[in-house]
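Here's the letter readout for the chains.
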Amino acid sequence: MKQCLLVDPSGELQDMVAQSLSGMAPGLHCDVLRQPGAGDVRKRYDVVLLDMRPYVDFNEAFRRVLRDVGQACVIGFVEPREPVDRVLALEMGADAIIVPPFGPQEIAARVRALLRRQTEAEAAMSLPQGRLDCHARTLTLPGQAAATLADSEARLLQLLLEP
């Protein structure tokens, strides 16, 4: 099951995000926090939606969220005040930026795109002694040609190797 975190200090986005994600992916769960760093966000999230619009200086809030969520993809909502705000958010680690006006369809499309890229990246696993590509169903060991695996073999190896 994919995990989503919405950090929504003003509470303005909660309904729109719920609407945009409702039919998007079965099993997609979204937690909501009002403030960055509030509560236990140590669980693994796949996508974090961070509303940076209420902050005049969003640097500290953004750093707290990134510290807490680790490798999750981050979508930042920023005001269209200055282009430098969007650039700064991307430089700090956001994977995508959404600027008003926006609607549920844009939120859903951005989340789908990030989850798709994340799934593709997870499909290939580096091993201490080789590489497993679950989409191509190949196992490559040093000094050997890639071995083609049956679907069940690739799935079993993936399950055994997942952290």
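The present account deals with the structure reproduced in this document.

Calculation notes
Residues numbered from 1 in each chain as written. Predicted model: local features only at pLDDT ≥ 70, side-chain atom pairs only at ≥ 80, totals over all residues. Heavy atoms only, no water. Salt bridge = Lys/Arg side-chain N within 4 Å of Asp/Glu carboxyl O. Buried < 20%, exposed > 50% of the residue type's maximum accessible area, 1.4 Å probe, protein only. Helix = DSSP H or I, 4+ residues; strand = E, 2+ residues; numbered from the N terminus. Pairing = 2+ DSSP bridges. Axes fitted to C-alpha atoms, helices over the stretch in contact; angles between N-to-C directions. Contact = heavy atoms within 4.5 Å. Patch = residues over 30% accessible without salt bridge, like charges linked within 9 Å, V, L, I, M, F, W, Y side chains within 5 Å. Areas by Shrake-Rupley, 256 points an atom, 1.4 Å probe, with all protein chains shown as cover. Polar contact = N/O pair within 3.5 Å; in protein donor to acceptor, adjacent residues only side chain to side chain. Arc of directions from axis to C-beta. Phe/Tyr/Trp six-rings, centres within 6.5 Å; stacked < 30°, edge-to-face > 60°. Parallel < 35°, antiparallel > 145°, perpendicular 65-115°, else oblique. Left-handed = near helix turned anticlockwise from the far one by under 90°. Nonpolar A, V, L, I, M, F, W, Y, C, P; charged D, E, K, R; others polar.

**Side note on the pattern of salt bridges**
- In this structure the tally under the stated criterion is 4 salt bridges.
- Of the charged contacts in the structure, one is a salt bridge between Asp-51 and Arg-53, with a shortest N-O distance of 2.8 Å.
- By relative accessible area, Asp-51 is classed as buried at 0%.
- As a salt-bridge pair, Glu-106 and Arg-110 come within 3.2 Å of each other at their nearest N and O atoms. Placement of both Glu-106 and Arg-110 in helix H4 (residues 104-123) is noted, with a separation of 4 residues, approximately one turn of the helix.
- According to the relative accessible area criterion, Glu-106 is partly exposed, its value standing at 26%.
- Among the charged side chains, a network of salt bridges with common partners joins Glu-12, Asp-51 and Arg-53.

**A few points about the sheet that holds strand S2 (residues 29-33)**
- With parallel pairing, the 5 strands of this open sheet are ordered in space as S2-S1-S3-S4-S5. Both edges of this open sheet fall to S2 and strand S5 (96-98), since each of them pairs with a single strand only. Pairwise comparison of adjacent strand axes, ignoring direction, gives a mean angle of 20 degrees for this sheet.
- Of the strand pairs in this sheet, strand S4 (residues 73-77) and S5 are connected by 3 bridges, and their pairing is parallel. Paired with Phe-77 across the bridge in S5 is Ile-98.
- In the packing of helix H2 (residues 59-69) onto the sheet, the strands contacted are strand S1 (3-7), strand S3 (47-51) and S4, and the crossing angle to S3 comes to about 165 degrees.

**Some thoughts on a nonpolar patch on the surface**
- A cluster of nonpolar side chains, Leu-156, Leu-160 and Leu-161, forms an exposed patch at the surface whose accessible area comes to about 300 Å².
- Tracing the backbone shows Leu-156 in helix H5 (residues 151-161).

**Focus: the side chain of Asp-46**
- Within the secondary structure, Asp-46 is located in the loop between S2 and S3.
- A distance of 2.7 Å separates the side chain of Asp-46 from the backbone nitrogen of Gln-3, its partner in a polar contact.
- Setting aside chain neighbours within four positions, we find Asp-46 in contact with Met-1, Lys-2, Gln-3, Ala-72, Cys-73, Leu-115 and Gln-118.

**Here's the deal with helix H1 (residues 14-22)**
- All buried positions along H1 are accounted for by Val-17, Ser-20 and Leu-21. The buried residues of H1 occupy an angular sector of 90 degrees when the element is viewed end-on, so they sit on one face. What points out from H1, more than 90 degrees from its buried face, is the exposed set Asp-15, Gln-19 and Ser-22.

**As for the packing of aromatic side chains**
- Enumeration according to the criterion identifies 1 aromatic pair in this entry.
- Aromatic side chains Phe-77 and Phe-102 sit 5.1 Å apart centroid to centroid with 45 degrees between the ring planes, which places their arrangement in the tilted category. Remark: Phe-102 occurs in the loop between S5 and H4 and Phe-77 occurs in strand S4; sequence separation between them is 25 residues. Each member of the pair, Phe-77 as well as Phe-102, carries the same accessibility label: buried.

**What about the packing of H2 against helix H3 (residues 83-92)?**
- The geometry of H2 relative to H3 is characterised by a closest axis approach of 11 Å and an angle of 25 degrees between their N-to-C directions. By the angle between their directions, the pair H2 and H3 is classed as roughly parallel. Of the two possible hands of crossing, H2 and H3 adopt the one that is right-handed. Seen from H2, the contacting residues are Asn-59, Phe-62, Arg-63 and Leu-66; seen from H3, they are Leu-88, Ala-89 and Met-92.
- A per-class count over the contact of H2 with H3 returns 5 nonpolar, 1 polar and 1 charged.

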